[in-house]
Amino acid sequence: MGKVILTGDRPTGRLHVGHYVGSLRRRVELQNSGEYSDIYIMIADAQALTDNAEHPEKVRQNIVEVALDYLSVGMDPEVTTIFIQSMIPELFEMTAYYMNLVTVSRLQRNPTVKNEIQMRNFEASIPVGFFTYPISQAADITAFRANTVPVGEDQMPMIEQTREIVHKFNSVYGEDVLVMPEILLPENDACRRLPGIDGKAKMSKSLNNCIYLADTEKEVQQKVMSMFTDPNHIKITDPGQVEGNTVFTYLDAFCKDEYFEEYLPDYANLEELKDHYRRGGLGDVKIKKFLNKVLQEELGPIRERRAYWESRIPEVYEILKSGSEKAQKVAAETLKSMRAAMKINYFDDSALIEEQIQKYQG
């Protein structure tokens, strides 16, 4: 079997640079590597509805936002299948079967679920759909026989839960129907969990601390210049701290040596810039201006592609429709194999029917 990728995002808003360095950029690299036989990218609208059930219009409007972000970063619909989760009914049937293989206590121990529940202040009022979304995610991954799941570090517990479900299913039903997935993390440590511009641990739409892929050049500049740095670096002459300094974390994630030659020729690379900041004599404004140049270089081509696709919205919806149709066919084949392994393929099993004929008619 070839190498297959499945990953995706919840359509609860525009995607930001944390998504880009954590997953999107890598997806494009993997797409263009030629190493994968199939790549599936899912817009997880059903998952988004688990905590937005009373605001379906929010999810509906963000479907095209996420699709535009995908296309603008360089995802090629000729190579990558982009589809909408709710258009694949097989996923929900698979989720129902997997629910029998997972205990409530196991879901409660999932660190990602615990963190998300806390962040949304659900406490005791947790929607069942939200609580069980790790099981739904397992269905998403296994439906397409994905053996590679490129995601951010925060999704590691979710992939581990999927692996447990795959192992349990294959053990119980005595069939190697489901493929065991492996997580693929960003290679650059800074990309694994990019902080918000306010220095908070994670860039988050709900915390309003994001730089979005769709932001204008001016918006990006304003956000960079407001970034959190070293609070003890008050005067230019003061020694500065690089670790935990948001500007340097972003430079770690985005900077290339060639940008120094063009925009900051006094330094050969990022390490020289860091050393000068640590010694003192380098102001925050200077490094912020440099980071702005770096981000504009990285985001400029993305803005151009987005403008192209924004003028072709019907074509974007056609990409999603055809991608969903292709995805459904693949998921249906996996579900058919699962049903056979679970002995619930009653009308397809001629041996079963013959057995019953012999039993009752002799």
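Summary of the structure given here. All chains use their own residue numbering, which begins from 1 and follows the written sequence. pLDDT decides what is reported in this predicted model: residues at 70 or higher carry local features, side-chain atom pairs at 80 or more are listed and counted, and totals for whole chains, interfaces and linings draw on all residues regardless. No hydrogens and no water enter the side-chain calculation; it runs on all heavy atoms of the structure.

1. Focus on the overall build of the protein chain
And step 1. Each helix is a run of DSSP H or I of at least 4 residues and each strand a run of E of at least 2, with the numbering of both proceeding from the N terminus. Check the secondary structure of the protein chain and you find 17 helices and 5 strands.
And step 2. Along the three orthogonal principal directions, the C-alpha set of the protein chain runs to about 95 × 45 × 40 Å.
And step 3. Burial analysis of the protein chain (362 residues in total) assigns 52% to the buried set.
And step 4. We call two residues contacting when some pair of their heavy atoms lies within 4.5 Å. For the protein chain, long-range pairs separated by at least 24 residues make up 76% of all intrachain contacts whose partners lie at least 6 apart in sequence.
And step 5. Taking the average place of the 42 positive charges on the side chains of the protein chain and the average place of its 55 negative ones, the gap between the two points comes to 3 Å. Exposure classes here rest on a 1.4 Å probe applied to the protein chains alone. A residue is buried below 20% of its type maximum, exposed above 50%, and partly exposed in between. Only four residue types enter the charge count, namely Lys and Arg as positive and Asp and Glu as negative; His and the chain termini do not. Where a charge lies is defined by one atom per residue type: Lys uses NZ, Arg uses CZ, Asp uses CG and Glu uses CD.

2. With respect to empty space enclosed by the protein
And step 1. Using a 1 Å grid laid over the protein atoms alone, points where a 1.4 Å probe fits but cannot get out form a cavity; open sets with protein on both sides within 12 Å along at least 5 of 7 lines form a pocket; any residue with an atom within 4 Å of a point counts as lining. Grid points are joined across faces, edges and corners, and a volume is the space filled by probe spheres set on the points. What the rule picks out here adds up to 1 cavity of 30 Å³ or more.
And step 2. Considered as a void within the structure, the largest cavity measures approximately 50 Å³ in volume.
And step 3. Every residue lining the largest cavity is listed: Ile5, Thr7, Arg27, Val28, Leu30, Gln31, Ile39, Ile41, Met75, Thr80 and Pro150.
And step 4. Looking at which element gives the most residues to the lining of the largest cavity, the answer is helix H1 (residues 17-33), with 4 residues.

3. Quick look at the layout of surface pockets
And step 1. If you add up the space inside the largest pocket, you get close to 1,100 Å³.
And step 2. Lining the largest pocket we find 41 residues, and of these Arg10, His19, Glu116, Asp154 and Lys202 sit closest to its centre.
And step 3. Elements that contribute at least two residues to the lining of the largest pocket include exactly strand E1 (4-9), H1, helix H6 (111-119), helix H8 (133-143) and helix H10 (189-192).
And step 4. It is H1 that contributes the most residues to the lining of the largest pocket, 6 residues altogether.
And step 5. Each residue gets one of three labels, nonpolar for Ala, Val, Leu, Ile, Met, Phe, Trp, Tyr, Cys and Pro, charged for Asp, Glu, Lys and Arg, and polar for the others, Gly among them. Its residues placed into classes, the lining of the largest pocket shows 13 nonpolar, 15 polar and 13 charged.
And step 6. Taken as a whole, the second largest pocket encloses approximately 310 Å³ of empty space.
And step 7. The element that contributes the greatest number of residues to the lining of the second largest pocket is helix H16 (residues 313-341), accounting for 6 residues.

4. Here's the deal with the nonpolar core
And step 1. Only buried residues count toward a nonpolar core, which is a set of Ala, Val, Leu, Ile, Met, Phe, Trp, Tyr and Cys residues joined through side-chain atoms within 4.5 Å. Formed by 61 residues in total, the largest nonpolar core has its most connected members in Ile211, Tyr250, Leu251, Phe254 and Leu273.
And step 2. Excluding residues that lie within four positions of it along the chain, Leu251 makes contacts with Leu270, Leu273, Phe290, Leu291 and Val294.
And step 3. With 43 residues, the next largest nonpolar core counts Met42, Phe83, Leu101 and Tyr133 among its residues.

5. A few points about the side chain of Arg27
And step 1. Within the secondary structure, Arg27 sits in helix H1.
And step 2. For Arg27, the side chain forms a polar contact with the side chain of Asp9, separated by 3.0 Å. Within 3.5 Å is the distance limit for a polar contact, defined as a pair of N or O atoms, with the added protein rule that one can donate a hydrogen and the other accept it, and that residues adjacent in sequence qualify only through two side-chain atoms.

6. What about the pairing of strand E2 (residues 38-43)?
And step 1. Burial within E2 is extensive, with 5 of its 6 residues counted as buried.
And step 2. Crossover connection from E1 via H1 to parallel E2: handedness right-handed. For a crossover, the right-handed case is the one in which the path from the first strand over the helix to the second runs clockwise, viewed with the strands pointing away from the viewer.

7. Let's talk about the packing of aromatic side chains
And step 1. Classification of ring pairs uses Phe, Tyr and Trp, with its six-membered ring standing for Trp, and accepts pairs whose centres are within 6.5 Å; under 30 degrees between planes counts as stacked, over 60 as edge-to-face, and the remaining range as tilted. Under the counting rule described, the total for this entry stands at 9 aromatic pairs.
And step 2. Between Tyr98 and Phe169 the ring centres are 6.2 Å apart and the planes differ by 80°, which places this aromatic pair in the edge-to-face class. Of this pair, Tyr98 sits in helix H4 (residues 90-98) while Phe169 sits in helix H9 (residues 156-173), and the two are 71 residues apart along the sequence.
And step 3. Classification of Tyr98 by relative accessible area gives buried; the value is 0%.
And step 4. Among the aromatic residues, those joined into a ring-pair cluster are Tyr40, Phe83 and Phe144.
And step 5. The ring of Tyr212 has Arg14 lying over it, and the distance from NZ or CZ to the ring centre is 4.3 Å.
And step 6. For a Lys NZ or an Arg CZ to count as sitting over a ring, it must be within 6 Å of the ring centre and within 35 degrees of the ring normal. Positioned above the aromatic ring of Tyr308, the side-chain terminus of Arg312 is 3.7 Å from the ring centre.

8. Focus: a negative patch on the surface
And step 1. Residues Asp257, Glu258, Glu261 and Glu262 make up a contiguous surface patch of negative charge.
And step 2. With respect to the helices, strands and loops of the structure, Glu261 is situated in helix H13 (residues 257-263).
And step 3. Judged by relative accessible area, which is 68%, Glu261 ranks as exposed. Here the term patch refers to residues with relative accessible area over 30% and no salt bridge, with like charges joined within 9 Å and nonpolar side chains (Val, Leu, Ile, Met, Phe, Trp, Tyr) within 5 Å. The method behind every accessible area is Shrake-Rupley, applied with a 1.4 Å probe, and residues are considered shielded solely by the protein chains displayed. Put simply, a salt bridge is a Lys or Arg side-chain nitrogen that is within 4 Å of an Asp or Glu carboxyl oxygen.

9. Side note on unusual backbone geometry
And step 1. A positive phi angle, close to 55°, is found at Arg145, a residue other than glycine.
And step 2. Backbone geometry places Lys343, a non-glycine residue, at a positive phi of 65°.
And step 3. Along the chain, Lys343 falls in the loop between H16 and helix H17 (350-361).

10. Brief notes about the environment of Val113
And step 1. Along the chain, Val113 falls in helix H6.
And step 2. A C-alpha to C-alpha distance of 40 Å links Val113 and Pro239, two positions 126 residues apart in sequence.

11. Concerning the packing of H4 against H16
Pairs of packed helices are described in terms of their axes, by the angle between the two and the distance that separates them.
And step 1. Orientation is described by lines fitted to C-alpha atoms, with helices fitted over the stretch in contact, and by angles between N-to-C directions that extend from 0 to 180 degrees. One way to put it is that H4 packs onto H16 with a least axis distance of 9 Å and a crossing angle of 30°. One way to sum up the angle between H4 and H16 is to call them roughly parallel. You can see that H4 and H16 cross each other, and the crossing is left-handed. Residues Glu90, Glu93, Met94, Tyr97 and Tyr98 of H4 form the contact with H16, whose own contacting residues are Gln328, Ala331, Ala332, Thr334, Leu335, Met338 and Arg339.
And step 2. Here the contact of H4 with H16 is composed, by residue class, of 7 nonpolar, 2 polar and 3 charged. Each angle receives one of four descriptions, namely roughly parallel if under 35 degrees, roughly antiparallel if over 145, roughly perpendicular if within 65 to 115, and oblique otherwise. Should the near helix be turned anticlockwise from the far one by less than a right angle, the crossing is left-handed, and should it be turned clockwise, the crossing is right-handed.

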